[in-house]
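# Observations on chain architecture
These are the residues of each chain, in order.
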Amino acid sequence: MTDAITTSRATRAPALCATVDYDGVDTGDGMVASARDFTADFLAAAPAVGRARVTQERVDLGRLVVSELVTNAVRHAPGPCRLMLELFEDALEISVFDRVEASPVPRGHDPGRVGQHGVEIVVAICESVSVEPHPWGKRVRARLSLV
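This section reports on the structure supplied with the text. (Residues numbered from 1 in each chain as written. Predicted model: local features only at pLDDT ≥ 70, side-chain atom pairs only at ≥ 80, totals over all residues. Heavy atoms only, no water.)

Now for the overall build of the protein. Counting its secondary structure elements, the protein contains three helices and five strands. Its helices and strands taken in sequence order, the protein reads β-α-α-β-β-α-β-β from the N to the C terminus. Within the protein, buried positions represent 39% of all 147 residues. Partitioning the intrachain contacts of the protein with sequence separation of at least 6 by distance along the chain shows that 67% fall at a separation of at least 24. With the model as given, the accessible surface of the protein reaches about 8,600 Å², and the carbon-plus-sulfur share is 54%. (Helix = DSSP H or I, 4+ residues; strand = E, 2+ residues; numbered from the N terminus. Buried < 20%, exposed > 50% of the residue type's maximum accessible area, 1.4 Å probe, protein only. Contact = heavy atoms within 4.5 Å. Areas by Shrake-Rupley, 256 points an atom, 1.4 Å probe, with all protein chains shown as cover.)

The structure is reproduced here in structure tokens:
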């Protein structure tokens, strides 16, 4: 009999990772549209790294999550922010870094409320959503299943 201890990496490395930094000067719809396009282009590259093509439905959901998270950063954390996308075999991890420490707070369900449903939408669509503090602000990370 042999004693062996095996270890597995706690987190897997993504097949593909890309980031884009926004300087905070363009705080309008242009920045959000750019982030959505960046996401679609990123997911279109999946076959280049040996992953199956991402379905249009999942691309659209990824674009929606990115849109909501970047919109929150623009509205509630003025200044620069970073969008990071990580492609795993079964999921897309979307991270938005900004310079405000306060966590986004989901509001209660209210069909009569106009707007302010972003966090509620992200939580409903994604497998998980977390907020991680950083010395200069926070990281909001959402994991979207691709299967």
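From this point, things continue past the structure.
The next thing to look at is helix α3 (residues 118-125). Within α3, burial applies to Gly118, Val119 and Val122. Seen along its axis, α3 keeps its buried residues to an arc of 95°; they face one direction. (Arc of directions from axis to C-beta.)

So, about the nonpolar core. Ranked by size, the top nonpolar core spans 31 residues in total, and within it Leu69, Val70, Leu83 and Ile94 carry the most contacts. Breaking this core down by element, the ones donating at least two residues are β1 (16-22), α1 (29-44), α2 (56-76), β2 (81-87), β3 (91-98) and β5 (137-145). Among all residues touching Ile94, those that are not within four sequence positions of it are Gly62, Val65, Val66, Leu69, Leu83, Met84, Leu85, Val140, Arg141 and Ala142. (Core = buried A, V, L, I, M, F, W, Y, C linked by side-chain atoms within 4.5 Å.)

Among the secondary structure elements, Glu93 is positioned in strand β3. Owing to a relative accessible area of 11%, Glu93 belongs among the buried residues under this scheme. In terms of polar contacts, Glu93 uses its side chain to reach the side chain of Arg141, at 3.1 Å. Separated by 2.8 Å, the side chains of Glu93 and Arg143 make a polar contact. Here Glu93 is in contact with Met84, Leu85, Glu86, Phe88, Arg141, Ala142 and Arg143, once residues within four sequence places are set aside. (Polar contact = N/O pair within 3.5 Å; in protein donor to acceptor, adjacent residues only side chain to side chain.)

Another aspect to go through is the sheet that holds strand β4 (residues 128-134). Taking strand neighbours across the sheet as the criterion, the five strands line up as β1-β2-β3-β5-β4 in an open arrangement whose pairing is antiparallel. The two strands at the open ends of the sheet, each matched to only one other strand, are β1 and β4. Each adjacent strand pair in this sheet contributes to an overall mean axis angle of 15°, direction not counted. Pairing between β1 and β2: seven bridges, direction antiparallel. (Pairing = 2+ DSSP bridges. Axes fitted to C-alpha atoms, helices over the stretch in contact; angles between N-to-C directions.)

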